[in-house]
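Report on the structure
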Protein chains: 2
Amino acid sequence: MTTPATTDRPRRICLDARDNVAIVVNSGGLKKGTVFDDGLTLVDDVPQGHKVTLSDVAVGEAVIRYGEILGHAVRPLPKGSWVDEFAIELPEAPALETLPLATRPAPKHEPLEGFTFMGYRNADGSVGTRNILAISESVQCVAGVVDHVVAIIRETLLPKYPNVDDVVGLGHVYGCGVAINAPAAIVPIRTLQNLAQNPNFGGEVLVIGLGCEKLQPERLMPNLSKEDAAANILSLQDERFVGFQAMVDGILEMAEARLKVLNQRRREPCPASALVVGVQCGGSDAFSGVTANPAVGYAADLIVRAGGTVMFSEVTEVRDAVHLLTPRCATEEVGRAMLREMAWYDRYLASGETDRAANPSPGNKKGGLANVVEKALGSIIKSGSSQIGAVLAPGERAVTKGLIYAATPASDFVCGTLQLASGMTVQVFTTGRGTPYGLAAAPVIKVATRTDLAKRWHDLMDIDAGTIATGHETVEEVGWRIFREILDVASGKKPWSDRWGLRNSLALFNPAPVT
Amino acid sequence: MTTPATTDRPRRICLDARDNVAIVVNSGGLKKGTVFDDGLTLVDDVPQGHKVTLSDVAVGEAVIRYGEILGHAVRPLPKGSWVDEFAIELPEAPALETLPLATRPAPKHEPLEGFTFMGYRNADGSVGTRNILAISESVQCVAGVVDHVVAIIRETLLPKYPNVDDVVGLGHVYGCGVAINAPAAIVPIRTLQNLAQNPNFGGEVLVIGLGCEKLQPERLMPNLSKEDAAANILSLQDERFVGFQAMVDGILEMAEARLKVLNQRRREPCPASALVVGVQCGGSDAFSGVTANPAVGYAADLIVRAGGTVMFSEVTEVRDAVHLLTPRCATEEVGRAMLREMAWYDRYLASGETDRAANPSPGNKKGGLANVVEKALGSIIKSGSSQIGAVLAPGERAVTKGLIYAATPASDFVCGTLQLASGMTVQVFTTGRGTPYGLAAAPVIKVATRTDLAKRWHDLMDIDAGTIATGHETVEEVGWRIFREILDVASGKKPWSDRWGLRNSLALFNPAPVT
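Just so we're clear, the structure is a prediction, and the values are computed from it rather than from any experiment.

**Topic: the overall build of chain A**
The helix and strand tally for chain A stands at 13 helices and 21 strands. On C-alpha atoms alone, chain A measures out to a radius of gyration of 24 Å, which is about the 24 Å that the 2.2 N^0.38 rule sets for 515 residues. Taken over the C-alpha atoms alone, chain A extends approximately 80 × 45 × 40 Å along its principal axes. In chain A, the proportion of contacts linking residues at least 24 apart, taken out of those at least 6 apart, comes to 73%.

**Thoughts on the interface of chain B and chain A**
Contact residues are listed per partner, giving 73 residues for chain B and 73 residues for chain A. Secondary-structure elements contributing two or more residues to the side of chain B that touches chain A are α1 (143-157), α6 (332-351), α7 (362-366) and α9 (412-421) of chain B. Classifying every residue of the side of chain B that touches chain A by side-chain character gives 35 nonpolar, 28 polar and ten charged.

**Brief notes about the domain arrangement of chain A**
Parsing chain A into structural domains produces domain 1 (1-92), domain 2 (120-262) and domain 3 (274-500). The C-alpha-based centres of domain 1 of chain A and domain 2 of chain A are spaced at 52 Å.

**Describing helix α12 (residues 475-490) of chain A**
Between the first and last C-alpha of α12 of chain A there are 22 Å, a value that for 16 residues agrees with the 22 Å anticipated at 1.5 Å per step. Looking at the residues trailing α12 of chain A, positive phi occurs at Gly492 of chain A, about 125 degrees.

**Considerations on the sheet that holds strand β6 (residues 82-83) of chain B**
All names here are of chain B. Spatial strand order, β1-β2-β3-β6: four strands in an open sheet with antiparallel pairing. The open sheet terminates on both sides in strands that have one partner only, identified here as β1 (12-13) and β6. As paired elements, strand β3 (residues 51-53) and β6 share two bridges and run antiparallel to each other. Within β6, the residue paired with Val52 across the bridge is Trp82.

**Some details on the relation of the copies chain B and chain A**
Look at the two chain copies: a rotation about an axis and a shift along it is all it takes to match them. Superposing chain B onto chain A takes a rotation of 180 degrees plus a shift of 0.0 Å along the axis, which leaves an RMSD of 0.0 Å. In the structure described here, the two chain copies are related by an operation that fits a two-fold rotation axis. Considering only C-alpha atoms, the residue of chain B closest to the rotation axis is Ser351 of chain B, which sits at 3.7 Å. Take the interface residues of chain B: 100% of them recur as interface residues in chain A, which is what a same-surface contact looks like.

**What about the sheet that holds strand β15 (residues 276-281) of chain B?**
Residue and element names in this part refer to chain B. Strand order in the open sheet formed by seven strands is β17-β18-β16-β15-β19-β20-β21, with parallel pairing between adjacent strands. Two strands lie at the open edges of the sheet, namely β17 (388-392) and β21 (463-464), each paired on one side alone. In the sheet, β15 pairs with strand β19 (residues 426-431) via five bridges, with the strands oriented parallel. Each residue of the ladder has a partner; that of Gln280, found in β19, is Phe429.

**A closer look at the nonpolar core**
Among the nonpolar cores identified, the biggest contains 341 residues, and Ile303 and Ile486 of chain A together with Ile303 and Ile486 of chain B are the most heavily contacted of them. Sequence-distant contacts of Ile303 of chain A, defined by excluding residues within four places in its chain, comprise Ala272, Leu275, Val277, Gly308, Val310 and Phe483 of chain A.

**Digging into the pairing of strand β11 (residues 166-170) of chain B**
Residue and element names in this part refer to chain B. Among the five residues that make up β11, four are buried, leaving the element largely enclosed by the rest of the structure. In this sheet, β11 lies alongside strand β10 (residues 132-137) in parallel orientation, the contact comprising five bridges. Note on β11: the bridge partner recorded for Ser136 is Leu170. Of the crossover connections in this fold, the one passing from β10 over α1 to the parallel β11 is right-handed.

**Some thoughts on the environment of Phe429 of chain A**
All names here are of chain A. Mapped onto the elements, Phe429 comes out in strand β19 (residues 426-431). On the neighbour-count criterion, Phe429 (27 C-beta atoms within 10 Å) is buried. Sequence separation between Phe429 and Ile135 is 294 residues; the distance between their C-alpha atoms is 26 Å. Leaving out residues up to four positions away in the same chain, Phe429 has contacts with Gln280, Cys281, Gly282, Tyr437, Val444, Ile445, Lys446 and Val447.

**Topic: unusual backbone geometry**
Residues and elements named next belong to chain A. The backbone of Tyr66 sits at a positive phi, close to 55 degrees, despite the residue not being glycine. As for its position among the elements, Tyr66 is in the loop between β4 (62-65) and β5 (68-73). Given 22 C-beta atoms within a 10 Å radius, Tyr66 is considered buried.

**Here's the deal with the environment of Ala440 of chain A**
Within the secondary structure, Ala440 of chain A is located in the loop between β19 and β20 (444-448). Those residues in contact with Ala440 of chain A that sit more than four places away from it in its chain are Val168 and Arg503 of chain A.

**What about the packing of helix α5 (residues 292-305) of chain B against helix α11 (residues 475-490) of chain B?**
All names here are of chain B. Closest axis-to-axis distance for the α5/α11 pair is 7 Å, and the angle between their directions is 60 degrees. Considering the angle they form, α5 stands oblique to α11. Like other packed secondary-structure pairs, α5 and α11 cross with a definite hand, here right-handed. Two secondary-structure elements touch here, α5 through Pro294, Ala295, Val296, Tyr298, Ala299, Leu302 and Ile303 and α11 through Val475, Glu476, Val478, Gly479, Ile482, Phe483 and Ile486. A breakdown of the residues in the contact of α5 with α11 according to their chemical character gives twelve nonpolar, one polar and one charged.

**A look at the pairing of β20 of chain A**
All names here are of chain A. In terms of burial, β20 is largely enclosed, as five of its five residues are buried. Burial of β20 is two-sided: the residues Val444, Lys446 and Ala448 facing one way and the residues Ile445 and Val447 facing the other way are all buried. Across five bridges, the pairing between β19 and β20 is parallel. Bridged to Thr431 within β20 is Ala448.

**Some points on α5 of chain B**
Residue and element names in this part refer to chain B. End to end, α5 covers 20 Å across 14 residues, agreeing with the expected 20 Å (1.5 Å per residue, within 8%). For α5, the tally of buried residues reaches 14 of 14 residues, placing the bulk of the element in the interior. Two residues or fewer after α5 comes Gly307, characterised by a positive phi angle close to 90 degrees.

**Description of the confidence of the model for chain A**
In this model, chain A carries an average pLDDT of 95, and 99% of its residues clear a pLDDT of 70 or more. The complex prediction reports pTM at 0.96, with the ipTM value standing at 0.95.

**Things to note about the packing of helix α2 (residues 186-195) of chain B against α9 of chain B**
Residue and element names in this part refer to chain B. It is at 7 Å that the axes of α2 and α9 come closest, and there the two elements cross at 55 degrees. Between α2 and α9, the interaxial angle falls into the category oblique. Residues Thr191, Asn194 and Leu195 of α2 form the contact with α9, whose own contacting residues are Thr417, Leu418, Leu420 and Ala421.

**Some details on the environment of Arg258 of chain A**
Residues and elements named next belong to chain A. Residue position: Arg258 is located in helix α4 (residues 244-262). Arg258 sits 125 residues away from Leu133 along the chain, and the two C-alpha atoms are 7.4 Å apart. Those residues in contact with Arg258 that lie beyond four places of it in its chain are Leu133, Glu204 and Leu206.

Cut-off values and rules
- Residues numbered from 1 in each chain as written.
- Chains lettered and ligands numbered in written order.
- Predicted model: local features only at pLDDT ≥ 70, side-chain atom pairs only at ≥ 80, totals over all residues.
- Helix = DSSP H or I, 4+ residues; strand = E, 2+ residues; numbered from the N terminus.
- Rg over C-alpha atoms; globule rule 2.2 N^0.38 Å.
- Contact = placed C-beta atoms within 7 Å.
- Nonpolar A, V, L, I, M, F, W, Y, C, P; charged D, E, K, R; others polar.
- Domains from an automatic or database assignment.
- Expected span 1.5 Å × (residues − 1).
- Pairing = 2+ DSSP bridges.
- Least-squares fit on C-alpha atoms with pLDDT ≥ 70 in both.
- Core = buried A, V, L, I, M, F, W, Y, C linked by C-beta atoms within 7 Å.
- Buried ≥ 20, exposed ≤ 12 C-beta atoms within 10 Å, placed from the backbone.
- Right-handed = clockwise from strand over helix to strand, strands pointing away.
- Axes fitted to C-alpha atoms, helices over the stretch in contact; angles between N-to-C directions.
- Parallel < 35°, antiparallel > 145°, perpendicular 65-115°, else oblique.
- Left-handed = near helix turned anticlockwise from the far one by under 90°.
- pLDDT = per-residue confidence, 0-100.

Rendered as structure tokens:
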């Protein structure tokens, strides 16, 4: 992959010598009869990103990619065949009980020193990449009022406090009409608690409540005394508010007090070890696992080598590759925590009469991902090669540095919301099909798996990793580009989603019933 | 209750001769030692809206309100005692198998003729109360882009089409990263399908999709051929869009074509039988069941007598009073449908290791509602006295007129979203604690249960039903006021939430797992 490809030459990628399939690189796919340089001849049309057999594969024989079994052939696949999603039978997910835990020695990574970014230091030792006034909400009932006030703050107050980047209402659909005592309610509650503590909000907590809701606002600030918490809460039902304008004025007054504090903050040089980076993929295709995700994995290793924090997530996109992760856990305890999260999710899906095969999406399949095994094998590559030092349940806050597995659903926005709660201050998001994904609370760097997409969405994609497939760049080169982009964006550079102001609302993970 | 009360005179309300408790009316509650006109003396302080015993109640004896058993006393409650939430043991919910179905003869209601409103007639025979351009979304990934375009439309296009009231993006967190083949996925999918058909959108469907999502946009338009559906869909991943601005221009072009059609619509006189009214309560208190809800129930009867449609909802706030509803079902089949919805919800809550006692909220309790039985008995009064002609599963579209039970969670915004999907064009919302609730797709008339609240929130509450408790108005008088307000608002009058522009985002009910 070091010689750049011409447009016309048939080109395929195979990353492991054990593989009996490769994926087609050429834009638009390749026609039946196409002959590769080494003589391999296609016996079917094969779309871009889809798999072609490198040898005859008999019924029942394993189809192997990344050196791993994707499943077994359900029809004969002569050499040069298109391996579509119907050609492979989905295998059982790896049994959790027998997996090796913490068996792989830590890779000998050299520490990486001297890299810094311009961040906002917080009193609790964390470092933000943005300086945002967040207005936390204890219940959805107040969202209309908060939206109204946020618009006023943006127009009339923010110009007076030029060091504050933005004001954001942390809207959600939780807080009342929910089974707040159900066991699984712990997930949305701690997510909201931890969201308010994201380093990008500078520790200036402000909670708008209604008054009668199940999630009493004090619960959003568990680290404060009841008195200190109450000083940061405004409840609309408070009898001192006569009329709507009084509520609005009350919120504006509390908000302005916090803007004054936030406005004192200045960016200062911080070591790369203060970064908390979330990695995620969405709208994936077969290139995700050979271009963008390996490059992100390389960048993740650089951050870990620099002493920083990297979180990877997405349970259903890890489940079928978990046997490759448990050996990488730093201790058996960390390994058991990872198994606990997998088992919890297996049960959660079973309770809804479904399983991990609900993933991948039609677009993933169109992009060449035959099943969730193939998707998972490509997805975990974002984690790089470091030891996994900790595992977080959904919405838990990261308290260690290094590589962390933060268990979340794979749903893009649910995962993003949970990574924000875990303390993420920059996200790196890879996509093959394309998504305009954006978050309000942290900048998102979007990495395209294919140059086609990067060119077409030239003002939405921040990094083109498709150059790896065409041989114009190596994984290492794109990995370093991503690493440098993370430092720049952490220092204030706006990725495309922020330049357009594209931000999706939070999507809270509530596995408990609504009532 | 016909003589208006003075401020100081101790006052209580008891609606049924069988009751052994009454609720205290006086603002601020009444102190121990207070003597009522008939000699009843309080032996405890009793807060406003809370219950006082009218006779000695022994341990194990039933506490009776609305002529129904709220539960049994767990401590002696001498005459004049405060019956707080801890004084009553929650009884079992009514067993579903043995309930009488369709046993009550239909009440002899006179037809009500001659009432009209100024509505927008649709091609399918439905009538809207607003003329709104809705932009439907097949997946949350597109929400940032749709929000961006909606802001442009509001600023630059709407002024050119003055007969169009508003433009609304139907944002939600469904569409991908969800178990779309799980049995319960039918609920969010049909909700989104039916939302787009709300009569307030004039049949001008426009769907923005991404391209790779699980909920393919065509599925949102099940009544159209694949070709006709495709003509109404714009997918951001479509290769004709080079860059973000091209997507924005593409959406603007499709939107303007629909604005031209919508702008031709004019309000015209429509019979009250064309109304589809949803009734709901939120932030309830003990007055809900004696002031606002009875008045709404009276208005509901008026609408049914006029040939219109009224939907009441909220499974957990109906469950403990379902024995009072099944006899009112028009047929045994309707009764069995109601039991089916109750049973489904019992199982849904049990699967999350919880039950209907997760309701009421702390604010409900503070307002005097001791448990979910008392809340339910007060809640169902909104349904009036008509026969129940049909039962809808969550998100199903109403196809009959008259009184309908539309099963939904009690969560305010989940219920509102589902009632919109069922075709609601005006909502009447009662509240005792106070909520600034608003919807973007249909106007909401808010009714206060207490005059205190109506006065304090003078610019958020549309109707004061507290006059019933103080004796200044009868249930019938307030009911007629609500009925006339419904006609006015359906004709274009803006309730307070619309005057302030307070609208909460949709809250989709997804009982299936996310993935």
